Structures are given as C-alpha cells and as structure tokens.
Amino acid sequence: MKHTRLQLTTGEVIRVFDGVFDPQKVYFIHKFLTQSYFQFRSSSTTLQEHSAYIYPSSSFSKEDIVNLSFFEGQGIKNIMRETLTAKVLARCWCNAILEGSKYFWHVDAGAPRNTGDQTMLYYANSNWDKDWQGETLFCNGDGECEIAVSSKPGRIVVFDSHLMHKPVPISSIAPTPRYSVVFQFMNQGENMLPCPLE
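Now for a quick tour of the structure. (Residues numbered from 1 in each chain as written. Predicted model: local features only at pLDDT ≥ 70, side-chain atom pairs only at ≥ 80, totals over all residues. Heavy atoms only, no water.)

1. What to know about the overall build of the chain
Looking only at helices and strands, the chain features 3 helices and 11 strands. The order of helices and strands in the chain, counted from the N terminus, is β-β-α-β-β-α-α-β-β-β-β-β-β-β. Accessible area for the chain stands at about 10,000 Å²; split by element, carbon and sulfur atoms hold 48% of it. (Helix = DSSP H or I, 4+ residues; strand = E, 2+ residues; numbered from the N terminus. Areas by Shrake-Rupley, 256 points an atom, 1.4 Å probe, with all protein chains shown as cover.)

Okay, structure coming up:
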C-alpha cells in the first residue's frame, strides 16, 4: 500500500492511499456499484440556483455497507485506525460522474470548520484512463484551487469534510461514468459501520 500526504498552502492535509485492495476486490466493489439503484439528485450545495443541476447518486444503508464488504481487510483497517479521528460513519453514498454535468464547489453535508468531521472518498471504477478526466479538485482555506487528485481505480482519499472540493466532469471519450463512494465520518450520531472503530 502506498500513502501520499498532500498539503495545501493554508495547512490542510489530503491523504491518498493506493493499493489498499487487490484487483479482485476492486472489481467486486465496482460490480456491486454498477448494480446499485441510482436516482437523480440535485447539486450537493445548498444554493437554490444550483438545484436545477442533477446527477445520479445512490444512498447506502447499513446493510448495503455490509454487503459491499469495503471495511474488510487489514489495509482499510489500518487506514481507519491511523487516519480517522472521527469514528462514526454517519452517511454513505455513491456518485456517478457524467460527461457534461455541472458540479459546484462544496463541503460535505455543510460541515463547518473544526468539527472533526472527515470524508473518505473511494474511486470505484475497476479501470480508468487519465484521459477520461474526472479528477477531484481541492481548494485551500483561502478558496483557491490548488490540488487535483486523479481518479485512479481503488484509490482512497481522506480529508476534512469542511475542505472545499468538486469533481471534474468526465471526458466525452470515457466509456462509463466515474463512480466514487463517499463515506462521511463524524464524532456523533448513529454508526453505520459493521464493526465500530475503537
């Protein structure tokens, strides 16, 4: 497993993990997601003028998370133990990023600063070419875009939920949507994790 630590000029840290799952597990997760039930939902910001822009998304229950078997294996357990300070999985969903869709800068679930909420993002396609685009862009604390993280298959990205980010629409040559699973961790609430973190 490879761990890369990216730091914005205003101090925020983005952690990137590659090689957490073997290719068979990456394929299994991708297949599970492509068979999930997707609905069109409005933009992830709370601004009324953004509500006309929709994209496919699938929300997951605790049972779905168990069936996904994402949290099985030593690699993911090590990431959670060593990287996550928020221990309660409050929400989980999958976004399907499309060509030509409109995406806006946002924080996850309106997270204010210093709450300790964290987002774990998983790039779920089993195959992805960099020319298909679909990167995730991150802003620093001053609102300037500084980092782009490629949507490499099986990659996991962990960051504070208050960090402004957005996906880049995929290229017209991409043969499939770019799937990403979002796990939002908080310090309180009902835990959706199959095995709670200690």
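What follows continues from the structure just given.
2. Structural notes on the pattern of salt bridges
All chains considered together, the criterion is met by 1 salt bridge. A salt bridge links Arg 155 to Asp 18; its shortest N-O distance comes to 2.8 Å. One end of the pair, Arg 155, is in the loop between strand E8 (145-149) and strand E9 (156-160); the other, Asp 18, is in strand E2 (residues 13-18), with 137 residues separating them in the sequence. By relative accessible area, which is 8% here, Asp 18 ends up buried. (Salt bridge = Lys/Arg side-chain N within 4 Å of Asp/Glu carboxyl O. Buried < 20%, exposed > 50% of the residue type's maximum accessible area, 1.4 Å probe, protein only.)

3. A look at the sheet that holds strand E7 (residues 136-139)
Here we have 3 strands laid out as an open sheet, ordered E8-E7-E10, and antiparallel in their pairing. The open sheet has two edge strands with one neighbour each: E8 and strand E10 (165-167). The mean angle between the axes of side-by-side strands here comes to 20°, regardless of whether they run parallel or antiparallel. Pairing of E7 with E10, which is carried by 3 bridges, proceeds in the antiparallel orientation. Its bridge partner being in E10, Leu 137 is matched across the sheet by Lys 166. (Pairing = 2+ DSSP bridges. Axes fitted to C-alpha atoms, helices over the stretch in contact; angles between N-to-C directions.)

4. Overview of the packing of aromatic side chains
Within the structure shown, the criterion is met by 10 aromatic pairs. Between Phe 71 and Phe 183, the ring centres sit 5.2 Å apart and the planes meet at 70°, which makes this aromatic pair edge-to-face. With a gap of 112 residues between them, Phe 71 in the loop between helix H2 (62-68) and helix H3 (74-83) and Phe 183 in strand E11 (residues 178-186) connect regions that are remote in the sequence. With relative accessibility at 10%, the residue Phe 71 sits in the buried group. A relative accessible area of 0% means that Phe 183 is categorised as buried. (Phe/Tyr/Trp six-rings, centres within 6.5 Å; stacked < 30°, edge-to-face > 60°.)

5. So, H3
All of the buried residues along H3 are Gly 75, Ile 76, Ile 79, Met 80 and Thr 83. Taken around the axis of H3, the buried residues stretch over an arc of 135°, which confines them to a single face. Facing away from the buried side of H3 by more than 90 degrees, the exposed set consists of Arg 81 and Glu 82. Each element contacted by the buried residues of H3 is listed here: E2, strand E6 (118-123), E9 and E11. (Arc of directions from axis to C-beta. Contact = heavy atoms within 4.5 Å.)

6. Side note on the side chain of Asn 140
Here Asn 140 is to be found in the loop between E7 and E8. Engagement of the side chain of Asn 140 in a polar contact is seen with the backbone nitrogen of Asp 142, the distance being 2.8 Å. At a separation of 2.8 Å, a polar atom in the side chain of Asn 140 contacts the side chain of Glu 146. Residues contacting Asn 140, with those up to four places away along its chain left out, are Leu 8, Thr 9, Thr 10, Glu 12 and Glu 146. (Polar contact = N/O pair within 3.5 Å; in protein donor to acceptor, adjacent residues only side chain to side chain.)

7. Brief notes about the pairing of strand E1 (residues 2-7)
Relative to E2, E1 runs antiparallel, the two sharing 6 bridges. Across the sheet, residue Arg 5 finds its bridge partner in E2, namely Arg 15. Where E1 folds back on E2, the antiparallel hairpin that results is connected by 5 residues, among which Gly 11 adopts a positive phi of roughly 100°.

8. Some remarks on helix H1 (residues 23-34)
Between its terminal C-alpha atoms H1 stretches 17 Å, which fits the 16 Å expected from 12 residues at 1.5 Å a residue. Three or more residues of H1 are buried, namely Lys 25, Val 26, Ile 29, His 30, Phe 32 and Leu 33. Buried residues of H1, seen end-on, are gathered within an arc of 160° and therefore sit on one face of the element. With respect to the buried face of H1, the exposed residues turned more than 90 degrees away are Pro 23 and Gln 24. N-cap assignment for H1: the residue whose side-chain oxygen lies 3.1 Å from the backbone N of Gln 24 is Asp 22. (Expected span 1.5 Å × (residues − 1).)

Any functional reading would require information beyond the geometric quantities listed.
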